[in-house]
There are 2 protein chains.
Amino acid sequence: MNATQVLDHRQRTREMLNAAGIALTEDEIARIEVADMGLGRLAHEGLQLITYINTDRYCAKELVILPEQTCPEHRHPSIGSEPGKQETFRCRWGEVWLYVEGPPAEKIRAKIPRESKVHYTVFHEIVLSPGEQYTIPPNTLHWFQAGPEGAVVSEFSSCSRDEYDIFTDPGVRRQPVISE
Amino acid sequence: MNATQVLDHRQRTREMLNAAGIALTEDEIARIEVADMGLGRLAHEGLQLITYINTDRYCAKELVILPEQTCPEHRHPSIGSEPGKQETFRCRWGEVWLYVEGPPAEKIRAKIPRESKVHYTVFHEIVLSPGEQYTIPPNTLHWFQAGPEGAVVSEFSSCSRDEYDIFTDPGVRRQPVISE
């Protein structure tokens, strides 16, 4: 991921947040996280996010998923005696297709990224439109993709420790890339 | 508080959320909480809220404060070995004036409700416009008032247990009133 890509994705993130009527401070705009998960194919896999607050008790983020962009399958394991991260996804704008463990949909709406098809294994489909939300229990495999217009999703959760996330694709490197 | 007041305040809450571009489901609309704090003067003291999620680990709510409406001063004490609720207020729309413990402002923006003036004791002023946020530590006295257009505020926090809140005004009864 090069500097031009980061700047381009930050700009598109701002435009989508504007469309959703969500305001950020200048400081927040400067630290919009563009995460390509180390896969180098941001148009298909990755997402953009702003962490509003992350304490040892709770966390809140705004996720911005570009049209047809996919956040790769992963789970949040327990860390010592602390249960894994539990998170509530609330769709604010656009549409997001969320896949979790459970009875698979007969035909899913998402297009599974071609390059990493084998690393998507759960297909219980939840469709979230603005105002709809879903809570993912700790340590549950999940992945999600935005619909054709993209999506803005508020994430409310227990403490976030991204570095402990376990991705199905062993090629994923979950490191925030925010430098330009 | 009578049924007409509840319906009227729910309607105004919906209008303000619409203006802020915040979508609710029909089920959420039906359970918008109109809280008059048992004081019987909702135009001056009280607020409207929707709880999106409240688990033993985290909580997220949308607070809607009508123009010049005030949430009375209170704090969230520890409960057993658990520290009191910590909360982050993020202004989404309008303007909110938040008062917490600390050096008092020389002249505060808020109009202290006349009927209960003596029950407002902290005057360190924080002004929040859309995109701005502030985190209130556990067990810290705070109160807030919306500016002339009202305010919509996202509240991210640890677990919410309203029934343990300690209000400065001994007349406050913090019971959700959602019946019609």
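The following paragraphs examine the structure supplied in this document. (Residues numbered from 1 in each chain as written. Chains lettered and ligands numbered in written order. Predicted model: local features only at pLDDT ≥ 70, side-chain atom pairs only at ≥ 80, totals over all residues. Heavy atoms only, no water.)

What about helix 1 (residues 3-19) of chain B?
Each turn of an α-helix holds 3.6 residues, which means side chains three or four residues apart point in the same direction. Residues and elements named next belong to chain B. Helix length check: helix 1 (17 residues) gives 24 Å between terminal C-alpha atoms against 24 Å at 1.5 Å per residue, within 8%. Restricting attention to buried positions, one finds in helix 1 the residues Val 6, His 9, Arg 10, Thr 13, Met 16 and Leu 17. Buried residues in helix 1, looked at end-on, bunch into an arc of 125°, giving them a common side. Looking at helix 1, the residues exposed on the side facing more than 90 degrees away from the buried face are Thr 4 and Asn 18. (Helix = DSSP H or I, 4+ residues; strand = E, 2+ residues; numbered from the N terminus. Expected span 1.5 Å × (residues − 1). Buried < 20%, exposed > 50% of the residue type's maximum accessible area, 1.4 Å probe, protein only. Arc of directions from axis to C-beta.)

Re the pattern of salt bridges
Residues and elements named next belong to chain A. Enumeration according to the criterion identifies 22 salt bridges over all chains in this entry. Among the salt bridges present, the one from Arg 161 reaches Glu 82, with a minimum N-O distance of 3.0 Å. One end of the pair, Arg 161, is in the loop between strand 8 (142-157) and strand 9 (166-167); the other, Glu 82, is in the loop between strand 4 (70-75) and strand 5 (87-100), and 79 residues separate them in sequence. Owing to a relative accessible area of 26%, Glu 82 belongs among the partly exposed residues under this scheme. The salt bridge partner of Lys 85 is Glu 155, with a shortest N-O separation of 2.7 Å. (Salt bridge = Lys/Arg side-chain N within 4 Å of Asp/Glu carboxyl O.)

Notes on the relation of the copies chain A and chain B
When chain A is fitted to chain B, the residual RMSD is 0.0 Å, and the transformation amounts to a turn of 180° plus an axial shift of 0.0 Å. On the angle and the small slide along the axis, the relation comes out as a two-fold axis. Among all residues of chain A, the one whose C-alpha sits closest to the rotation axis is Tyr58(A), at a distance of 2.7 Å. (Least-squares fit on C-alpha atoms with pLDDT ≥ 70 in both.)

Points about the packing of aromatic side chains
Each aromatic ring pair is summarised here by two numbers: the centre-to-centre distance and the angle between the ring planes. Following the criterion strictly, the structure yields 11 aromatic pairs over all chains and no others. Geometrically, the ring pair formed by Phe156(A) and Tyr52(B) is stacked, given 5.9 Å between the ring centres and 10° between the ring planes. One end of the pair, Phe156(A), is in strand 8; the other, Tyr52(B), is in strand 2 (residues 47-54), on a second chain. Their ring planes at 35° and their centres at 5.9 Å tell us that Phe156(A) and Phe156(B) sit as a pair that is tilted. Of the two residues, Phe156(A) sits in strand 8 while Phe156(B) sits in strand 8 (residues 142-157), which places them in two different chains. The class of Phe156(A) is buried, set by a relative accessible area of 3%. (Phe/Tyr/Trp six-rings, centres within 6.5 Å; stacked < 30°, edge-to-face > 60°.)

Some thoughts on the interface of chain A and chain B
Contact residues are listed per partner, giving 33 residues for chain A and 33 residues for chain B. Both sides together, the interface formed by chain A and chain B hides about 2200 Å², and carbon and sulfur atoms give 48% of it. Among the residues of chain A in contact with chain B, Arg57(A), Tyr58(A) and Arg92(A) are the three that bury the most area, contributing 32% of the side total. Here chain A and chain B share six salt bridges between them. In this structure, the salt-bridge partner of Glu82(B) is Arg57(A), at a minimum N-O distance of 3.8 Å. Here chain A is connected to chain B by 16 residue pairs in polar contact (both at pLDDT 80 or more). Mapped onto the side of chain A that touches chain B, the elements with two or more residues apiece are strand 2 (47-54), strand 3 (59-65), strand 5, strand 7 (133-136) and strand 8 of chain A. Sorting elements by how many residues they give to the side of chain A that touches chain B places strand 5 of chain A first, with four residues. A breakdown of the residues in the side of chain A that touches chain B according to their chemical character gives 12 nonpolar, 12 polar and nine charged. (Contact = heavy atoms within 4.5 Å. Buried area = accessible area lost by both parts, 1.4 Å probe. Polar contact = N/O pair within 3.5 Å; in protein donor to acceptor, adjacent residues only side chain to side chain. Nonpolar A, V, L, I, M, F, W, Y, C, P; charged D, E, K, R; others polar.)

Considering the environment of Gln86(A)
Looking at the element boundaries, Gln86(A) is found in the loop between strand 4 and strand 5. Once the C-alpha coordinates of Gln86(A) and His74(A) are considered, the two residues, 12 residues apart in sequence, prove to be 13 Å apart. Excluding its chain neighbours within four sequence positions, the residues that come into contact with Gln86(A) are Thr135(A), Ile136(A), Pro137(A), Pro138(A), Phe156(A), Ser157(A), Ser158(A), Thr55(B), Arg57(B) and Tyr58(B).

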